[in-house]
Amino acid sequence: MKKTGFVLFLLMFLVMMVGVQDRAAAAPGSVQIVLDGNELKVSKDTKVTNVNGSTMVPFRVIGENLGFGVKWEQKSQKVLINKGSKSIELVVNDKTATVNGKKMTLDNPPLLQNNIVVVPVRFVSEQMGIQVSWDGANQTVYLTTNPQPPKTDSGTGAGNGDVPVADPSPGTQPSGGTSTTEPGEVSDPSVTVPPVTGNAVISGISFSENRLMIASQGGTVTPKVFTMSGPDRIVVDLPNTAFSPDFLGGSSNVAGNQGQLDVTGYPDLKNIRYSLFSSSPSTVRIVLDLSAPKAYSVYSDPSTSGLIIVDLNNSTTPTNPVGGSGKKIVVIDAGHGNQDPGTIGYSKTKEKDFNLAVALKVGQLLEKEPNIDFVLTRSDDTFLKLEERARIANDLNADVFVSIHANSGPIAASGSETYYQRDASKALANVMHKYLVKATGLPDRGVKYGNYHVIRETKMPAVLLEVGYLSNPKDEAALFSESLQNSIAQGIVNGIKEYLGVQ
């Protein structure tokens, strides 16, 4: 390792913490580093600390053991790392990195703090082919230089909701299969432990009407729900589960994968976080950060195992919290989401954004209907597989299912269409289309048969609305106007009410 200037700058891995504020800062020297099963010796003058919720691990010790070449250019503030044919160039406070001459974007730039350069662990480790695992309970970083490649079960594929399974190298797994963070917390998102699999997979998480909805497939899920204080939160543990590949958007299914739902308009709730919390057994954890202690009820039907609901509206016995007191159940489905943008409009708008905007407005109107209980399949920019959208409606025994979409075609194509698949849905389609055309003022393209999954696999009357053409600049401009979206939402509600005979 090369020294320059008056001091050898320590390159350190930054284990990033996103959205998790509960973990206590680690004391200097409290973090251990394990390389291929062997603990590295850290000298007393090399401190391992936690800075602003991030664990700082000295790269000098790791680099010397791995044989990296490291150079610090003080004048240009550049960090140069090389190993074999791989070279990485990082610049302090710059989110652009260069890997073998190719520009890449960092989530967080290198920083210079008290003559110490810190760099993001995920980026450097992935580029150098090193697997990094974090055991929060034991404050240990595990490094594996030759991790086993993931492999899938024979005869299955990600398209069936299967989760990659790996054969981890000895010494890379935190001892005893411990969870990756303190009890009640969501694990660190920037590091990984070997991929794991459970009997079931979580394919969707949504929050609407003060209810958390969790969609699963592939096996029976028995949730363990409990509260914690300091701060107040509800914790939902789902043993023997992992995330579906589609839910993760192609990311590896590994402990440490973390995300959050941004929720607004719910006074009881500050935030929702989720992660693959434990590797043995594989456990998905969802944390609802509360504004104050809150009673809740849980609905989970083992016979279907497709839907779990945590209801913050009441604390009654755990029965289905949707559709009580004779209310009609309506499921509103905003098509596409997250990595699936749907069609791209004439001016680069995204269908998923239009679909969600209208669905949320429909939800706001349905909140005012005393005889209707409704559920949104998604209430933010998340992804649900088509079968999960249908399963939510089926598990709820919904009375009506409405999927909201926007169309694409030749630039001259314009107008509104309504699709049904089963004869039992045709009456609903006729009513919904009448109000849709009136609301949009666009050309009437009629009620049509369509063999779409969400209206084919649902058991109740179901329709898919193609509100207008984003490929047409005039349609697109209209569909993204607030006034027309309000009109469309009101038309959808009016159609639902007429069909259900609800006053």
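Remember, it's a predicted structure, so these values are computed and weren't measured experimentally. (Residues numbered from 1 in each chain as written. Predicted model: local features only at pLDDT ≥ 70, side-chain atom pairs only at ≥ 80, totals over all residues. Heavy atoms only, no water.)

Peer 1: When you look at the overall build of the protein chain in this model, what are you seeing that I'm missing?
Peer 2: Across its full length, the protein chain carries 9 helices and 30 strands. Considering the protein chain as a whole, with its 503 residues, one finds that 55% of them fall into the buried category. For the protein chain, contacts bridging at least 24 residues in sequence account for 68% of all contacts bridging at least 6. For the protein chain, the accessible area works out to roughly 20800 Å², and carbon and sulfur atoms hold 48% of it. (Helix = DSSP H or I, 4+ residues; strand = E, 2+ residues; numbered from the N terminus. Buried < 20%, exposed > 50% of the residue type's maximum accessible area, 1.4 Å probe, protein only. Contact = heavy atoms within 4.5 Å. Areas by Shrake-Rupley, 256 points an atom, 1.4 Å probe, with all protein chains shown as cover.)

Peer 1: Is there a simple way to explain the packing of helix α6 (residues 426-440) against helix α9 (residues 482-500) in this structure?
Peer 2: Between two packed helices, the angle of one axis relative to the other and the distance separating the axes together describe the packing. Following both chains from N to C, one finds α6 and α9 inclined at 155°, their axes separated by 8 Å at the closest point. It follows from the interaxial angle that α6 and α9 lie roughly antiparallel. Crossing of α6 over α9 shows right-handed handedness. Contacts between α6 and α9 pair Ala427, Leu428, Val431, Met432, Lys434, Tyr435, Leu436, Ala439 and Thr440 from the former with Leu484, Ser487, Ile488, Gly491, Ile492, Asn494, Gly495, Ile496, Glu498 and Tyr499 from the latter. Taken together, the residues that form the contact of α6 with α9 break down as 12 nonpolar, 5 polar and 2 charged. (Axes fitted to C-alpha atoms, helices over the stretch in contact; angles between N-to-C directions. Parallel < 35°, antiparallel > 145°, perpendicular 65-115°, else oblique. Left-handed = near helix turned anticlockwise from the far one by under 90°. Nonpolar A, V, L, I, M, F, W, Y, C, P; charged D, E, K, R; others polar.)

Peer 1: Would you mind going over the pairing of strand β6 (residues 69-73) with me for this structure?
Peer 2: In the case of a regular strand, side chains alternate between the two sheet surfaces. Side chains of β6 alternate between two faces, with Val70 and Trp72 buried and Gly69, Lys71 and Glu73 left unburied. Examined bridge by bridge, β6 and strand β7 (residues 78-83) share 5 bridges and lie antiparallel to one another. Across the sheet, the residue bridging to Val70 is Ile81, located in β7. Linking β6 back to β7 in an antiparallel pair, the connection comprises 4 residues, with Gln77 at a positive phi of about 60°. (Pairing = 2+ DSSP bridges.)

Peer 1: What's the story with the pattern of salt bridges in this structure? I'm lost.
Peer 2: Opposite charge on two side chains permits them to pair, given that their charged atoms come into close proximity. Within this structure, the stated rule accounts for 17 salt bridges. Notably, a salt bridge pairs Arg389 with Asp333, separated by 2.6 Å at the nearest N-O pair. Remark: Asp333 occurs in strand β25 (residues 328-334) and Arg389 occurs in helix α5 (residues 386-395); sequence separation between them is 56 residues. Here Arg389 matches Asp333 in class, with each residue buried. Ionic contacts of the salt-bridge type, sharing partners, join the residues Arg211, Asp311 and Asp373 into one network. (Salt bridge = Lys/Arg side-chain N within 4 Å of Asp/Glu carboxyl O.)

Peer 1: Before we go on, may I ask you to explain unusual backbone geometry in this structure?
Peer 2: What is expected of a backbone is that most residues other than glycine have negative phi and most peptide bonds are trans. Residues other than glycine seldom take positive phi values, yet Asn100 does so here, at roughly 50°. Tracing the backbone through its elements, the reader meets Asn100 in the loop between β9 (96-99) and β10 (102-105). Residue Asn240 is not a glycine yet carries a positive backbone phi of 60°. By the element assignment, Asn240 lies in the loop between β18 (233-239) and β19 (241-243). Taking the relative accessible area as the measure of exposure, Asn240 reaches 37% and is therefore partly exposed.

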